[in-house]
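Reading the structure
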Amino acid sequence: MLPNTDLVTLNGYINQQERKFPKAMGNLSGLLRSVGLAARIVNRELNKAGLADILGDWGTTNVQGETVKKMDIFANSHFIAAFKRGRRCCGIVSEEDEEWIMTDEEGAQYLVCMDSLDGSSNIDVNVGVGTIFSIYRRLSADHPVSKLDFLQKGAEQVAAGYVIYGTSTMLVYTAGSGVNGFTLDPSIGEFCLSHPDMKIPENGSILSVNMGYAKTFPQGIKDYIDYCLAEDKSTKRPYSVRYIGSMVADIHRTLLKGGVFMYPSSADAPNGKLRLLYECNPLSFIMEQAGGIASNGKQRILEITPTDLHDRTPIYMGSKNMMDKLLALYKGW
Ligand code: P6P
C-alpha cells in the first residue's frame, strides 16, 4: 500500500486559504508564517529549558509590574524579529513593552498585538505556557500608524490565535472562518493540521477559576460558582475545578473538553487581571469562532472599545450552555 501523503502543513493550509481570496496579496499569509517560525524557535529553547541557562528571572519587572523571566525576553525578541523580517506589519503591541513598537514598514497594512510568552511563571515548574497573537488592519494608509490604530474593538480582528508549548506544541488560529489546530512535528519542523474545524462542546462540566480571590468576586459570579459546586447528578454537578494558571493552557483544555474559564473582577483586580488587546480579544475571537461565548459579564469581549494598550477586563468564556447560565446569574458589577 502506498504511504499516506495527505499531510497538510501550516504553510500548505495558509496557501489553500489564500487561494480562496483572489485579491489576497499574501501579506496575512506572511504574518502567519512569521508566527510559525518564531514559535518553532521558542519551542526549541523551551524544550531545553532545564539544561540551558534560560530558567529564572531576567532581573526586571514589565509594564504590568510582573517579574520578567529570561524566556519572556527570548520569546519577545524572536517574535518581534520574525515580524520585522517578514515585513508585513507596520506596528506591534507586546505585553512586555509599554509603548507600541515601530517596524519601519509604513507601507504594511497589518498590526500585531501579542503576549509573546503567557504564563511564563510556570516555566520553571515545567507547566504548559503559550504565545497569544492578534492581527488587525491599520485604520488608514493615509496617515502614519499611531496608537489609535491599536485601539480597535476585538470584533475588527482579521486573525488571531495561540501557540501552546505543552506535551506537544500546537498552533491554533482563526481568520474568521472557523478554528484549526496544527501540531508541530519536530522530526520535520512543520506544524501539521491535526485538529480541523475545532468546536467547543455546548455543554461542559469543568470550572476554571482561581478560587483564591473568590471572596470578593461579583455576587452573580459567586452565585454561579455555588451553582457549579452544588450536588445534582442529572447535570453532572458538582463540576470539576481545573486551573493551570496559564491562560492558553486553560483555554485550550476548555476548547477541547468544554467548560467555563473565568478571571473575574475582585478587590485585588477591580478590572480583572487579563489584558484586553493581547489575551482576551484574540482568545475570545477563537472561542466565538469555535461556537463558544466570551463576555465581560455585560457585553461581548469583542465589542469592548479599548482606551489604552494595556487595558484589563474581567473575562468569562466557554461552552455556550454554561455561559448562558453564568450570564443569567451575573448581575453586573
Ligand atoms: P493568577 C499568567 O500570569 C496569566 O497572565 C494568565 O496566563 C493566567 O490565566 C493568569 O495570569 C493567572 O493569574 O492571578 O491566577 O495567578
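In this text the structure is predicted, and so the values were computed from the model without any measurement.

Right, let's get into the domain arrangement of the chain. Looking at the assigned domains, one finds that the chain contains domain 1 (10–195) and domain 2 (206–330). On a C-alpha basis, the centres of domain 1 and domain 2 stand 23 Å from each other. At the interface, 50 residues of domain 1 touch 31 residues of domain 2. Carbon and sulfur atoms supply 62% of the area buried between domain 1 and domain 2, which totals about 3000 Å² over both sides. When the buried area of domain 1 at its contact with domain 2 is split by residue, L151, K153 and Y162 rank highest and sum to 19% of it. Inspection of the domain 1/domain 2 interface yields 4 salt bridges.

On to the packing of aromatic side chains, then. This model, assessed by the stated rule, comprises 9 aromatic pairs. Ring centres of Y213 and Y263 lie 6.0 Å apart, and the angle between their planes is 45°; this geometry places the pair in the tilted category. A residue pair is termed long-range when its members are at least 10 positions apart, and Y213 in the loop between β11 (206–208) and α4 (219–229) and Y263 in strand β13 (residues 260–263) qualify at 50 residues. You can call Y213 partly exposed: its relative accessible area is 29%.

With that out of the way, let us pick up the site of the ligand. Neighbouring the ligand are 14 residues; D118, Y213, Y243, M247 and Y263 lie closest to it. Take K273: an N or O atom from its side chain is 2.9 Å from an oxygen atom of the ligand. The contact in question runs from an oxygen atom of the ligand to an N or O atom on the side chain of E279, over 3.4 Å. For the ligand, whose free accessible area comes to 400 Å², the fraction covered by protein is 85%. Residue composition of the shell around the ligand, grouped by class: 6 nonpolar, 4 polar and 4 charged.

Let us now look at the pattern of salt bridges. All told, the structure shown has 15 salt bridges when counted by the stated rule. Between E288 and R300 there is a salt bridge, with its nearest N and O atoms 2.7 Å apart. In this pair, E288 sits in helix α6 (residues 276–289) while R300 sits in the loop between β14 (293–295) and β15 (315–318), placing the two residues 12 residues apart along the sequence. Note on E288: relative accessible area 24%, which makes it partly exposed. Exposure remark for R300: the relative accessible area of 37% places this residue in the partly exposed category. Salt bridges sharing partners connect three or more residues here, namely E66, E95, R275 and E279.

Thresholds, definitions, all that
- Residues numbered from 1 in each chain as written.
- Predicted model: local features only at pLDDT ≥ 70, side-chain atom pairs only at ≥ 80, totals over all residues.
- Heavy atoms only, no water.
- Domains from an automatic or database assignment.
- Contact = heavy atoms within 4.5 Å.
- Buried area = accessible area lost by both parts, 1.4 Å probe.
- Salt bridge = Lys/Arg side-chain N within 4 Å of Asp/Glu carboxyl O.
- Phe/Tyr/Trp six-rings, centres within 6.5 Å; stacked < 30°, edge-to-face > 60°.
- Helix = DSSP H or I, 4+ residues; strand = E, 2+ residues; numbered from the N terminus.
- Buried < 20%, exposed > 50% of the residue type's maximum accessible area, 1.4 Å probe, protein only.
- Near = heavy atom within 4 Å.
- Polar contact = N/O pair within 3.5 Å; in protein donor to acceptor, adjacent residues only side chain to side chain.
- Areas by Shrake-Rupley, 256 points an atom, 1.4 Å probe, with all protein chains shown as cover.
- Nonpolar A, V, L, I, M, F, W, Y, C, P; charged D, E, K, R; others polar.

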